[in-house]
Amino acid sequence: MTIPLVDLKAQYDTIRPAIDAAIRRVIDNSAYIMGQEVAAFEQAFAAYCGVKHAVGVSSGTAAIFLTLLGYDIGPGDEVITTPFTFFATGEAISQVGARPVFVDIDPVTYNLDPNRIEAAITPRTRAIMPVHLFGQPAAMDAINAIAERHGLLVIEDAAQAHGSRYKGRRAGSLGSAACFSFYPSKNLGCYGDGGAVVTDDDRLAARVRSLRDHGRTNKYEHAELGYGHRLDGIQAAILAAKLPHLDDWNAARRRLADRYTALLADTPLVTPRHLPETEPVYHCYVVRAPQRDALLGALQKAGIGVGVHYPIPLHLQPAYRFLELEPGSFPVAEQAAREVLTLPLYAEMTEAQQDQVVAAIKTALRELNLL
Ligand SMILES: *Cc1c(COP(=O)(O)O)cnc(C)c1O
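**Quick look at the side chain of K186**
Then, in step 1: Along the chain, K186 turns up in the loop between β8 (177-181) and β9 (195-199).
Then, in step 2: It is D157 that comes nearest to the buried, bridge-free K186 among opposite-charge side chains, at 6.7 Å.
Then, in step 3: Contact partners of K186, with chain neighbours within four places excluded, come to A159, H162, S181 and H283.

Here you go:
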């Protein structure tokens, strides 16, 4: 039996009546773009994150893009971030005309290494954008202290971290503003594209609200050139129906992650570790593997839906050739890119499925003479 990396249908099967009713309600009310459904979800999500405002937008990438625009970050500015992330983190920084300045990661958490940040700060630096990779919050106390010393904004890329906590506080409440994605496979995902900007900053929230909707101040007046980056009603209604389940889903992911770690303890795989001050939500369960590509191939052949997040760090992407960053620029990220392997994980995964993944891993490791 094959086991997928994620199983969105399995989640839908557990909440089908609520989702179907939510979609029908939007169609019955013809409230397709913004409107009451979006406002209701925004309120619920802001409360969940422990912040004043959530602004629904069309994707996680749009959330980052609009947040940077909302802070007037653009040409001539630099934003410090990690090279070991999904491409959109850097892409959105570049889309506003700013320059992503990469800083290497911590080899244990895969997050931005705070000890390397200050060396990358220049007079052009405006913000630090930590990514809470795989659902583990970055070292936010250290990052916020550096930002405060240098008068910088801290913008969380929380696209993989819905519900995770740092010293008890939720991702989304840990910096100046935070950007979430509701891409279907995220811990909180809609049935299409969606995202949100969350913040306590009244001015930023108002600006992003306007920018996402053509720079509107009211129905007919446009204060500035904006964008069509709205969240639609069906997605908001689905998200509102799913949000009450998020903590249970994240708890199930943590339980399964801990079980993987116990079951893999007698293998050469390096299992994830989290900082004691974080409560991660395991958007991905990522191990480091010797002979990663051979193991990846063997598991794929065995019908196990494994992945690699991420095989190419941003500074080595063809699109970023113009930054002129050579291989070797960020050795910790580059080594991670060669070694990481993502195992199947989703809240509805059964222990029997997990046992099958572990058995396939051990068989493959034996065949490679690694066990
Ligand atoms: C998914 C993701 C994004 C982009 O979100 P989209 O909704 O796909 O635009 C940005 N950053 C990270 C770290 C992500 O995982």
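**Examining the pairing of strand β3 (residues 99-102)**
Then, in step 1: Looking at chain direction, strand β2 (residues 78-81) and β3 are connected through four bridges and run parallel. Bridge pairing in β3 links V79 to P100.

**A look at the nonpolar core**
Then, in step 1: Counting residues in hydrophobic clusters, the biggest one holds 46 residues, and the most contacted among them are F84, Y110, Y260, L264, Y285 and L343.
Then, in step 2: Mapped by element, the contributors of at least two residues to this core are α8 (246-263), β11 (285-288), α9 (292-301), α10 (331-339), β12 (340-343) and α11 (351-367).
Then, in step 3: Per element, the largest residue contribution to this core is six residues, and it comes from α11.
Then, in step 4: There are two domains that each give this core at least three residues, and those are domain 1 (8-244) and domain 2 (246-367).
Then, in step 5: Apart from the residues within four sequence positions on either side, L264 is in contact with L269, T271, Y285, V287, L343, V358 and I361.

**So, the site of the ligand**
Then, in step 1: Close contacts around the ligand come from 15 residues, with G60, T61, D157, S181 and K186 the closest.
Then, in step 2: Between the ligand and Q160, the relevant distance is 2.9 Å, taken from an oxygen atom to a side-chain nitrogen or oxygen of the residue.
Then, in step 3: About the coverage of the ligand: the protein hides 93% of its 380 Å² of free accessible area.
Then, in step 4: For the shell around the ligand, the secondary-structure elements that each account for two or more residues are α3 (60-70) and α4 (88-95).

**With respect to a nonpolar patch on the surface**
Then, in step 1: A cluster of nonpolar side chains, namely I27, Y32 and I33, defines an oily patch on the protein surface of about 280 Å² accessible area.
Then, in step 2: Looking at the element boundaries, I33 is found in the loop between α1 (8-29) and α2 (35-49).

**Digging into the environment of L299**
Then, in step 1: Turning to its location among the elements, L299 is positioned in helix α9.
Then, in step 2: Discounting chain neighbours no more than four positions away, the residues touching L299 are I304, V306, L341, A360 and I361.

Calculation notes
- Residues numbered from 1 in each chain as written.
- Predicted model: local features only at pLDDT ≥ 70, side-chain atom pairs only at ≥ 80, totals over all residues.
- Heavy atoms only, no water.
- Helix = DSSP H or I, 4+ residues; strand = E, 2+ residues; numbered from the N terminus.
- Buried < 20%, exposed > 50% of the residue type's maximum accessible area, 1.4 Å probe, protein only.
- Lys, Arg positive; Asp, Glu negative; His and termini not counted.
- Salt bridge = Lys/Arg side-chain N within 4 Å of Asp/Glu carboxyl O.
- Contact = heavy atoms within 4.5 Å.
- Pairing = 2+ DSSP bridges.
- Core = buried A, V, L, I, M, F, W, Y, C linked by side-chain atoms within 4.5 Å.
- Domains from an automatic or database assignment.
- Near = heavy atom within 4 Å.
- Polar contact = N/O pair within 3.5 Å; in protein donor to acceptor, adjacent residues only side chain to side chain.
- Areas by Shrake-Rupley, 256 points an atom, 1.4 Å probe, with all protein chains shown as cover.
- Patch = residues over 30% accessible without salt bridge, like charges linked within 9 Å, V, L, I, M, F, W, Y side chains within 5 Å.

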